[in-house]
There are 2 protein chains.
Amino acid sequence: MNRQSETSDEWIYDQVFSAVLEQRLIPGAKLKESELCSVFGVSRTIIRRILLRLSLDKVVELRPNKGAVIATPAAEDVRQIFAARRLLEIGIIDDACEHCTSEDVAALKEIVNRENTAIQTGNRSGAIRLAGEFHVELARVARNRPIQELLRQLVAQSSLALALYEAPGHLLCVDEDHINIVEAVSAGDAAKSRDLMARHLEKAEAEMKLEAPVDSNDLKSVFADVIEARANA
Amino acid sequence: MNRQSETSDEWIYDQVFSAVLEQRLIPGAKLKESELCSVFGVSRTIIRRILLRLSLDKVVELRPNKGAVIATPAAEDVRQIFAARRLLEIGIIDDACEHCTSEDVAALKEIVNRENTAIQTGNRSGAIRLAGEFHVELARVARNRPIQELLRQLVAQSSLALALYEAPGHLLCVDEDHINIVEAVSAGDAAKSRDLMARHLEKAEAEMKLEAPVDSNDLKSVFADVIEARANA
DNA sequence: TGTATCATTTTCGTATACAATTTTATTTAA
DNA sequence: TTAAATAAAATTGTATACGAAAATGATACA
């Protein structure tokens, strides 16, 4: 049976990737091949290929002979993730301002609107997902695919980081940052856009407690190091 | 037979990746699975996994039902590749200056020395490869893995771009740029380093003729668009 | 001679078989 | 009862089988 590989593959990949973005899959979650097989109705060949792709995205960790788990980025990883995001997202602002068309503005506003709706309706998954989408869309507007691709990965990794290190009691603050950035970019004001983006990213990183690492009410996170040690024993 | 997958996989991947870096594999070259199987003595399962990884690096193009070929980046791709490189490599200079240890300086100088030796002995493959290695090493010195990884891919893609668009008669000019950058970085002079890097990258991109695209004496490149059109027919 | 159609061979895509490793369960001894 | 040892089950890693698609070559016909 030669399936329409391209499509089916992409669909399954997106399903898992989305689950990570929406934090329905959290760090440490085990991804058994046979389970994924029955869920998606394909053979292990396909599932294995998708797990490999996700592992190259640093969203899944492939432990030889021990199966795949959702990745658990260390504090240092998270610092590098955000350092990279600052570099990329501030760096592309010039190009975003330069190339931004009216269609681009519409697309950006559409995302921000849906994001705000999600926030107001208490749809946390949707809000997280759309917030990430916004940042990736901005890279698309800047017309730079390599950077867009990396940002897509970094946004997903940020979602994992947030699940691990988010300061308690934060939860869905309504945020004017995104819409302000859209306005500045569509006005072609690169300096202002850069400044807004810089502060926005700082804010995001500040919401995490990278020193006192763990999320209190999730045993998997609390004992992540123990699990890691035992897993490698 | 459960092979020591990790190692064997990595080795084969590196072999192919290196061949691209050294331009022993040029854009359009066909990678038949069965041939790779016999060359490396593994089954198609392994080869297929490696081809997938290389395709995610944008070094190989996977054409459904038509096999894998070494990628042929379009002129617009190359512009984005170099735009991304400028952004990344200039952007990491601050961190490189900040984190650069004496071991790092030694490692950088070692690469530059080997590069110059390669140039002087007419070892074109080695020179291209080491030039790329230098840029990736600088990202390592900056202590940012995500960016280092992307740069590794972009350097390989640059090698393909060079094979396609290099201005004729260029060939291995001895270059003081790299050693100057090492000096500036190890002295902690970020401003100077940035300036040197910016001009170095501009020079590299200027060596290519992205408007009059093709490499004259390679039919595969000359008729790349025709091939592409027919392949998709 | 050149072109179109058909058969043959090659190559690719997925599922599956089987070996090796890890995990879990059970038994046994202290 | 706990802990170690062993057996059973589950899971992963690689090779291979087989169907589908594409490339190649042969034949018929204008």
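Let us look at the structure shown here. None of these values were measured; they are calculated from a predicted model.

What to know about the overall build of chain A
Counting its regular elements, chain A contains 12 helices and 3 strands. Taking all 233 residues of chain A together, 49% fall into the buried category. A fraction of 75% describes how many contacts in chain A between residues 6 or more apart in sequence connect residues 24 or more apart. Here chain A has roughly 11600 Å² of accessible surface; of this, 52% comes from carbon and sulfur atoms.

Here we look at the environment of glutamate 183 of chain A
All names here are of chain A. With respect to the helices and strands, the residue glutamate 183 is situated in helix 9 (residues 177-186). Residue glutamate 183 is classed as partly exposed on the basis of its relative accessible area of 38%. Distance in space between the C-alpha atoms of glutamate 183 and valine 105 is 8.5 Å, their sequence separation being 78 residues.

Considerations on the relation of the copies chain B and chain A
Overlay of chain B on chain A (RMSD 0.0 Å): rotation 180°, translation along the axis 0.0 Å. Accordingly, the operation relating the two chain copies is best matched by a two-fold axis. By residue overlap, the copies meet face to face through one surface: 100% of the interface positions of chain B are interface positions in chain A.

Here we look at the sheet that holds strand 2 (residues 60-63) of chain A
All names here are of chain A. One open sheet accounts for 3 strands, arranged 1-3-2; its pairing is antiparallel. What marks the edges here is a single partner per strand, and that holds for strand 1 (30-31) and strand 2. Inspection of the sheet shows strand 2 paired to strand 3 (residues 67-70) by 4 bridges, in the antiparallel sense. Within the sheet, the bridge partner assigned to leucine 62 lies in strand 3 and is alanine 68.

Some points on the packing of helix 4 (residues 75-91) of chain B against helix 10 (residues 190-206) of chain B
Each pair of packed helices gets described by two things: the angle between the helix axes and the distance between those axes. Residues and elements named next belong to chain B. Interaxial distance between helix 4 and helix 10 falls to 10 Å at its minimum, and their mutual angle equals 165°. When the axis of helix 4 is compared with that of helix 10, the two are roughly antiparallel. Where helix 4 crosses over helix 10, the handedness of that crossing is right-handed. Mapping the contact onto sequence places Arg79, Phe82, Arg85, Arg86, Glu89 and Ile90 in helix 4 and Arg194, Met197, Ala198, Leu201, Ala204 and Glu205 in helix 10. Of the residues in the contact of helix 4 with helix 10, the class split is 6 nonpolar, no polar and 6 charged.

Looking at the packing of helix 8 (residues 145-165) of chain A against helix 4 of chain B
One can describe the packing of helix 8 of chain A onto helix 4 of chain B by two numbers: an axis separation of 7 Å at closest approach and a directional angle of 60°. On the basis of their axis angle, the class for helix 8 of chain A and helix 4 of chain B is oblique. Within the contact between the two elements, helix 8 of chain A uses Arg145, Pro146 and Ile147 of chain A and helix 4 of chain B uses Gln80, Ala84 and Leu87 of chain B. Grouping the constituent residues of the contact of helix 8 of chain A with helix 4 of chain B by class yields 4 nonpolar, 1 polar and 1 charged.

Some remarks on the sheet that holds strand 3 (residues 67-70) of chain B
Residue and element names in this part refer to chain B. Across the sheet, 3 strands lie side by side as 1-3-2; this open sheet has antiparallel pairing. Single-partner strands in this sheet number two, and they are strand 1 (30-31) and strand 2 (60-63). Bridging between strand 1 and strand 3 involves 2 bridges; their strand directions are antiparallel. Across the sheet, leucine 31 pairs through a bridge with alanine 68, a residue of strand 3. Across the sheet, helix 3 (residues 44-56) is in contact with strand 1, strand 2 and strand 3; its angle to strand 2 comes to roughly 115°.

A word on the interface of chain B and chain A
Contacts between the two partners involve 23 residues from chain B and, on the opposite side, 23 residues from chain A. Area buried by chain B at its contact with chain A is led by Gln80, Leu87 and Pro146 of chain B, which between them contribute 28% of it. Viewed at the interface, chain A and chain B are joined by 0 salt bridges. Applying the counting rule to chain B against chain A returns 6 residue pairs in polar contact (both at pLDDT 80 or more). If you list the elements that add at least two residues to the side of chain B that touches chain A, you get helix 3, helix 4 and helix 8 (145-165) of chain B. With 6 residues, helix 4 of chain B is the single largest residue contributor to the side of chain B that touches chain A. Within the side of chain B that touches chain A, the residues separate by chemical class into 12 nonpolar, 5 polar and 6 charged.

Structural notes on the environment of leucine 87 of chain B
Among the structural elements, leucine 87 of chain B can be located in helix 4. Leucine 87 of chain B sits in the buried class, given a relative accessible area of 17%. A sequence separation of 111 residues divides leucine 87 of chain B from alanine 198 of chain B, and the C-alpha atoms of the two residues are 9.4 Å apart. Those residues in contact with leucine 87 of chain B that sit more than four places away from it in its chain are Leu87, Leu88, Gly91, Ile92 and Ile147 of chain A.

Description of helix 3 of chain B
Under the 1.5 Å per step criterion, the end-to-end length of helix 3 of chain B is 18 Å for 13 residues, consistent within 8% with the ideal 18 Å. Backbone geometry just downstream of helix 3 of chain B places lysine 58 of chain B in the positive-phi region, at approximately 60°.

Description of unusual backbone geometry
Residues other than glycine seldom take positive phi values, yet asparagine 65 of chain A does so here, at roughly 65°. Within the secondary structure, asparagine 65 of chain A is located in the loop between strand 2 and strand 3. Look at lysine 58 of chain B: it is not a glycine, yet its phi comes out positive at around 60°. Among the secondary structure elements, lysine 58 of chain B is positioned in the loop between helix 3 and strand 2.

Things to note about helix 8 of chain B
Residues spaced three or four apart along an α-helix point in a common direction, a consequence of the helix completing one turn every 3.6 residues. All names here are of chain B. A rise of 1.5 Å per residue sets the reference length of helix 8, with its 21 residues, at 30 Å; its end C-alpha atoms lie 29 Å apart and thus fit the reference within 8%. Of all the 21 residues making up helix 8, 17 are buried; the element is thus mostly covered by neighbouring parts of the structure. Its side-chain oxygen placed 3.3 Å from the backbone nitrogen of isoleucine 147, asparagine 144 serves as the N-cap of helix 8.

Calculation rules
Residues numbered from 1 in each chain as written. Chains lettered and ligands numbered in written order. Predicted model: local features only at pLDDT ≥ 70, side-chain atom pairs only at ≥ 80, totals over all residues. Heavy atoms only, no water. Helix = DSSP H or I, 4+ residues; strand = E, 2+ residues; numbered from the N terminus. Buried < 20%, exposed > 50% of the residue type's maximum accessible area, 1.4 Å probe, protein only. Contact = heavy atoms within 4.5 Å. Areas by Shrake-Rupley, 256 points an atom, 1.4 Å probe, with all protein chains shown as cover. Least-squares fit on C-alpha atoms with pLDDT ≥ 70 in both. Pairing = 2+ DSSP bridges. Axes fitted to C-alpha atoms, helices over the stretch in contact; angles between N-to-C directions. Parallel < 35°, antiparallel > 145°, perpendicular 65-115°, else oblique. Left-handed = near helix turned anticlockwise from the far one by under 90°. Nonpolar A, V, L, I, M, F, W, Y, C, P; charged D, E, K, R; others polar. Buried area = accessible area lost by both parts, 1.4 Å probe. Salt bridge = Lys/Arg side-chain N within 4 Å of Asp/Glu carboxyl O. Polar contact = N/O pair within 3.5 Å; in protein donor to acceptor, adjacent residues only side chain to side chain. Expected span 1.5 Å × (residues − 1).

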